[in-house]
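As a plain string of letters, each chain reads:
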Number of protein chains: 2
Amino acid sequence: MPIYGAVEAGGTKWVCALADETGQVLTTEVIATTTPAETIPAAVRFFQRGEAPVAVGVASFGPVDLNRGSATYGYITTTPKPGWANTDTVTPLREALGIPVGFDTDVNGAALGEWRYGAGQGLDTVVYITVGTGIGMGAVVHGRPLHGLTHPEAGHMRIPHDLGRDPFAGSCPFHGDCLEGLASGSAMRKRWGRPAEQVDDAAAWELEAEYLALAVLNLTYTLSPQRVIIGGGVAKRPSLLDLVRARLLDLAGGYPGDLPAMDEYLVTPALGDLSGVTGAVELAREALERTKRAHRP
Amino acid sequence: MPIYGAVEAGGTKWVCALADETGQVLTTEVIATTTPAETIPAAVRFFQRGEAPVAVGVASFGPVDLNRGSATYGYITTTPKPGWANTDTVTPLREALGIPVGFDTDVNGAALGEWRYGAGQGLDTVVYITVGTGIGMGAVVHGRPLHGLTHPEAGHMRIPHDLGRDPFAGSCPFHGDCLEGLASGSAMRKRWGRPAEQVDDAAAWELEAEYLALAVLNLTYTLSPQRVIIGGGVAKRPSLLDLVRARLLDLAGGYPGDLPAMDEYLVTPALGDLSGVTGAVELAREALERTKRAHRP
């Protein structure tokens, strides 16, 4: 049975894994994200050490270049993370391992993992949002990760901001009070002066639920997903999801008339913290199939 | 050469057409949208009169049921239009004509027409917005119209509304000041007391441009389209598009860093008023191909 390699390439750690063709993760190694010169070779060594994978998938922090026709395809592009701007992650893996390498964003990877093996199985259109330090969004539409111009960046969508209720100007360096600027972990820390997990005021979490409900509402009206999966550290807050569901239903105002039950529509990841790395397995499988198709006579 | 039938089923008129397999419209007839009992048989008669089409596509006003597994697939569902709620449009055409019938929303049809033959050719992800009496949105993603839970309803997305600048409460019966409630032709008429085409105040059009730019920004961050096509009566206002492009660039705040030239990114329909009916031709072709696949041994 073929073995697939997978990397969830995050800004603080790279989770490397080997998995079987059912997406089952067999072994993992966590590598600190230091510099490209250290982290990428450490990942290569992981894949050289055990059973040789037939392909590797990388689900990466971004922004990234997903345009296969571009000279910088497979690069992490304009990240503010020191040392990582304009870093080619695909070529070093492909050249060192000599196997096909799949590539997408971490959130598209998580969406793909959940769609294939988790909370999105059997559906056509699935959205994954992560609410942590930042807010990211990925989606699977018609069985493939969503991208076009670049990739979804729905953390930067603009939503109503009632300055009377919430005078905080927002923390996004590009937009101030976009969704991420109002509702990310960074925004909460800046607004309340302490990390989200130390915020206990009920009104603070009602405000957070308001912003997340507006975000899910806009995603619902724009992408019409059959399910929205919400992950990330902030989203793990007990009872937050119920607040979001209640506000979402209220904000929808009965339109469309046939919204599904909220606890089936807005859910946590079935794969827990393995959504991204499992999606990377799927990226590996797709890369292998693409290579096979390209070589078919 | 096969002939395809097409219907752009609007709330005031049905545009019926015959087209060749290159999407070229050969003949059209406009039927007033009165009652289902009158309008649907009139469309059937149009298709029985000339050269017999091999399949028909319907791009319909909505909301509609696009779920092929549903008992009400092909229905116009909860429309407020008198007499048209819960109307089966697909079955009467299929039974009277004995040919495959494709079905989607009018805006997904327009997106599909522009993608196949117009301003979206060769792209993977294309968004079509229409700004008229209401605001509708369709998209083609990975070569297929976007739907999942239902279909996009991005006219109802929530955007920032500065009550100081614009004290109008919004005209949407479901949401008040959603995008459609602030920026549709109906909203303009209600806010300014006259139809949009009679509004000449520069500040009014700057406000309209602000809302449309926020909408296109949110669509950009959510769907990452390679191009956004904007049609409909209100969008025909001279110079409005340039105002929207300028505000969009400003609101994006340099993120992502590689936005294309605005006059290539946000464009008018290349097919003019034929986007929808041309998309319906494509829906007919897809319906025929689906039927052939289903009958393949």
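Not measured: the values here are computed from a predicted model.

## A short note on the pattern of salt bridges
Thought 1: Within the structure shown, the criterion is met by 22 salt bridges over all chains.
Thought 2: D177 of chain A is the partner of R158 of chain A in a salt bridge, and the nearest nitrogen-oxygen pair spans 3.3 Å. Here D177 of chain A lies in the loop between β10 (144-145) and α4 (179-183) and R158 of chain A lies in the loop between β10 and α4, a separation of 19 residues in the sequence. Considered together, R158 of chain A and D177 of chain A belong to a single accessibility category, that of buried residues.
Thought 3: For the salt bridge of D200 of chain B with R237 of chain B, the shortest nitrogen-to-oxygen distance reads 2.9 Å. Within this pair, whereas D200 of chain B is found in the loop between α5 (185-192) and α6 (202-223), its partner R237 of chain B is found in the loop between β11 (227-231) and α7 (240-252), the two being separated by 37 residues in sequence.
Thought 4: Overall, D200 of chain B belongs to the exposed group, its relative accessible area being 58%.
Thought 5: Look at the salt bridges and you will find they share partners, linking R165, E210, R247 and D250 of chain A into a network.

## Regarding the sheet that holds strand β9 (residues 135-141) of chain B
Residue and element names in this part refer to chain B.
Thought 1: The 5 strands lie next to each other as β10-β9-β8-β11-β12, forming an open sheet whose pairing is mixed. The sheet is open, and its two borders are formed by β10 (144-145) and β12 (266-267), each paired with just one other strand.
Thought 2: Strand direction decides the pairing type here: strand β8 (residues 125-131) and β9, joined by 7 bridges, are antiparallel. When the sheet's bridge partners are listed, V127 is paired in β9 with A139.

## Some words on α5 of chain B
Residues and elements named next belong to chain B.
Thought 1: Burial in α5 covers these residues: G185, A187, M188 and R191. For α5, the buried positions fall inside an angular range of 160° around the axis, keeping them on one side. What points out from α5, more than 90 degrees from its buried face, is the exposed set R189 and K190.
Thought 2: Next to the buried residues of α5 lie α4 (179-183) and α6.
Thought 3: Positive backbone phi, approximately 75°, marks G193, located one or two places after α5.

## So, the domain arrangement of chain A
Residue and element names in this part refer to chain A.
Thought 1: As assigned here, chain A comprises domain 1 (4-106) and domain 2 (119-268).
Thought 2: Here domain 1 and domain 2 have C-alpha centroids that lie 27 Å from each other.
Thought 3: With 5 residues of domain 1 in contact, the opposing surface of domain 2 contributes 5 residues.
Thought 4: In total, about 390 Å² of surface goes out of reach between domain 1 and domain 2, with carbon and sulfur atoms giving 58% of it.
Thought 5: By the criterion of area lost to domain 2, the three top residues of domain 1 are L66, D104 and T105, representing 71% of everything that side buries.
Thought 6: Between the two partners, domain 1 and domain 2, sit 0 salt bridges.
Thought 7: The interface formed by domain 1 and domain 2 contains 2 residue pairs in polar contact (both at pLDDT 80 or more).
Thought 8: Counted by class, the side of domain 1 that touches domain 2 contains 3 nonpolar, 1 polar and 1 charged residues.

## Quick look at the sheet that holds strand β12 (residues 266-267) of chain A
Residues and elements named next belong to chain A.
Thought 1: With respect to topology, 5 strands assemble into an open sheet ordered β10-β9-β8-β11-β12, the strand pairing being mixed. Here the strands that pair on one side only, and so sit at the sheet edges, are β10 and β12.
Thought 2: Pairing analysis gives 5 bridges linking strand β8 (residues 125-131) to strand β11 (residues 227-231), with the strands arranged parallel. Within β11, the residue paired with V126 across the bridge is R227.
Thought 3: Sheet strands in contact with helix α6 (residues 202-223) are β8, β9 (135-141), β11 and β12, and its direction is about 155° off that of β8.

So, how was this worked out
Residues numbered from 1 in each chain as written. Chains lettered and ligands numbered in written order. Predicted model: local features only at pLDDT ≥ 70, side-chain atom pairs only at ≥ 80, totals over all residues. Heavy atoms only, no water. Salt bridge = Lys/Arg side-chain N within 4 Å of Asp/Glu carboxyl O. Helix = DSSP H or I, 4+ residues; strand = E, 2+ residues; numbered from the N terminus. Buried < 20%, exposed > 50% of the residue type's maximum accessible area, 1.4 Å probe, protein only. Pairing = 2+ DSSP bridges. Arc of directions from axis to C-beta. Contact = heavy atoms within 4.5 Å. Domains from an automatic or database assignment. Buried area = accessible area lost by both parts, 1.4 Å probe. Polar contact = N/O pair within 3.5 Å; in protein donor to acceptor, adjacent residues only side chain to side chain. Nonpolar A, V, L, I, M, F, W, Y, C, P; charged D, E, K, R; others polar. Axes fitted to C-alpha atoms, helices over the stretch in contact; angles between N-to-C directions.

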